[in-house]
Amino acid sequence: MSEKNQPYALITGASKGIGKSIAYQLAKMGYPLLLVARSDEDLKVLSHDLKAKYGINASVLSIDLSTNGASQKVNDWIKMNNYPVGILVNNAGYGVWGDFSQSSLTNQLDMMQLNMNVVVELSHLLVSVLLQEKQAYILNISSTAAYQAVPTLAVYSATKAFVLSFTRALRFELAQTSISVTCFSPGPVDTGFAARAGLNAFSKMAEKFNMQPDEVAKMAVKALFNKKSEVIPGFTNIVSVYANRILPKAFIEKTAAGIYKI
C-alpha cells in the first residue's frame, strides 16, 4: 500500500528509546509519521533519516507534553494540517526514583501528568479522528511495574497500573468499533530510563537483563497489528508478572524494595 493511502501514526516520546524504534518499524511498513517529543533537534534528525531511508513523510512537533494544555496543542496541530491519524502510540513517559516523602512533589506531579493524563487526553481527543479510519489502533506503553507496588518507585508504578487498567477498560468500550486497543508492558529496556529516574547504581545491574529497544519495538508493533489486548515481552518478564499474582504481596514488595534500594 502506498503512503498516500496510509493513515498517519502519531508517536509520543518519539525521539528516543522505544518510541524511536517504533517509528522505524512503522516507517519500514510505509506509514507516514507524526513524531512528538521535547527535543526539537533529535526529532529533526530522526525525521530526516526516516525520510531518506523509507521515503515516508515524518512531520515533527517539539513540545513538552507534561505541561498543561500540551495535548490540546497536539490535537490542534493535527486538525490544522488535516492529518488522517490511524494509529496512536502513547509511549512518552518517565520515572522518578526515591522515597516518596523525600522526592520533589513537582517532579512526581509532572510525571503523573505525562504518564497518565496525556494518555487519557490524547486518547479522548483522537478517538473521533481514529474512528474515521476503516481500521485504527491505540497502543499504550505501560510496564511490568504496573503489576505490583514498587517502593521507591511508588508513583511511577502506580501510573503504569493506571495505564494498564485504563487500556483494558477502553479496549472493552471500543470493541464494537474500528479501533483496536493494546497495552504493551515491557520490563527493563536499554533506553536510559534508569539513569533519568536517578537509578544509576541499578542501571549497571539492569544491563544484564535489559532488552534492546529494537526488539521490543518489533514485538510492540506485532502486538498492535495482531490486535492483542495485553502483551508482556520476554520470558523473564512474563515469569515475574506471574509470580506477582501468586506470591504474597508483602514478599514481592520487600523484594522490590531491596532491588531498588541499591
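Residues numbered from 1 in each chain as written. Predicted model: local features only at pLDDT ≥ 70, side-chain atom pairs only at ≥ 80, totals over all residues. Heavy atoms only, no water.

Draft legend 1. Summary view of the pairing of strand 4 (residues 85-90). In terms of burial, strand 4 is a largely internal element, six of the six residues being buried. In this structure, strand 1 (residues 8-12) lies alongside strand 4, joined through four bridges in parallel fashion. If you follow Ala9 over to strand 4, its bridge partner there is Ile87. In this fold, strand 4 hands off to helix 4 (residues 105-130), which returns the chain to strand 5 (residues 136-141); that crossover is right-handed. (Buried < 20%, exposed > 50% of the residue type's maximum accessible area, 1.4 Å probe, protein only. Helix = DSSP H or I, 4+ residues; strand = E, 2+ residues; numbered from the N terminus. Pairing = 2+ DSSP bridges. Right-handed = clockwise from strand over helix to strand, strands pointing away.)

Draft legend 2. Quick peek at the environment of Val74. Of note, Val74 is situated in helix 3 (residues 70-81). Since its relative accessible area comes to 1%, Val74 is described here as buried. Along the primary structure Val74 and Leu61 are separated by 13 residues, whereas in three dimensions their C-alpha atoms are 7.8 Å apart. The residues touching Val74, leaving out its near neighbours within four places in the chain, are Leu10, Val36, Leu61, Ile63, Leu65 and Leu122. (Contact = heavy atoms within 4.5 Å.)

Draft legend 3. Geometry of the packing of helix 1 (residues 17-28) against helix 2 (residues 40-54). Look at helix 1 against helix 2: their axes get within 10 Å of each other, and the N-to-C directions meet at 25 degrees. Relative to helix 2, the element helix 1 is oriented roughly parallel. Two packed elements cross with a definite hand, and for helix 1 against helix 2 that hand is right-handed. In this structure, helix 1 contributes Lys20, Ala23, Tyr24, Ala27 and Lys28 to the contact, and helix 2 contributes Leu46, Asp49, Leu50, Lys53 and Tyr54. Across the contact of helix 1 with helix 2, the residue classes tally to six nonpolar, no polar and four charged. (Axes fitted to C-alpha atoms, helices over the stretch in contact; angles between N-to-C directions. Parallel < 35°, antiparallel > 145°, perpendicular 65-115°, else oblique. Left-handed = near helix turned anticlockwise from the far one by under 90°. Nonpolar A, V, L, I, M, F, W, Y, C, P; charged D, E, K, R; others polar.)

Just distances and angles here, no functional claims.
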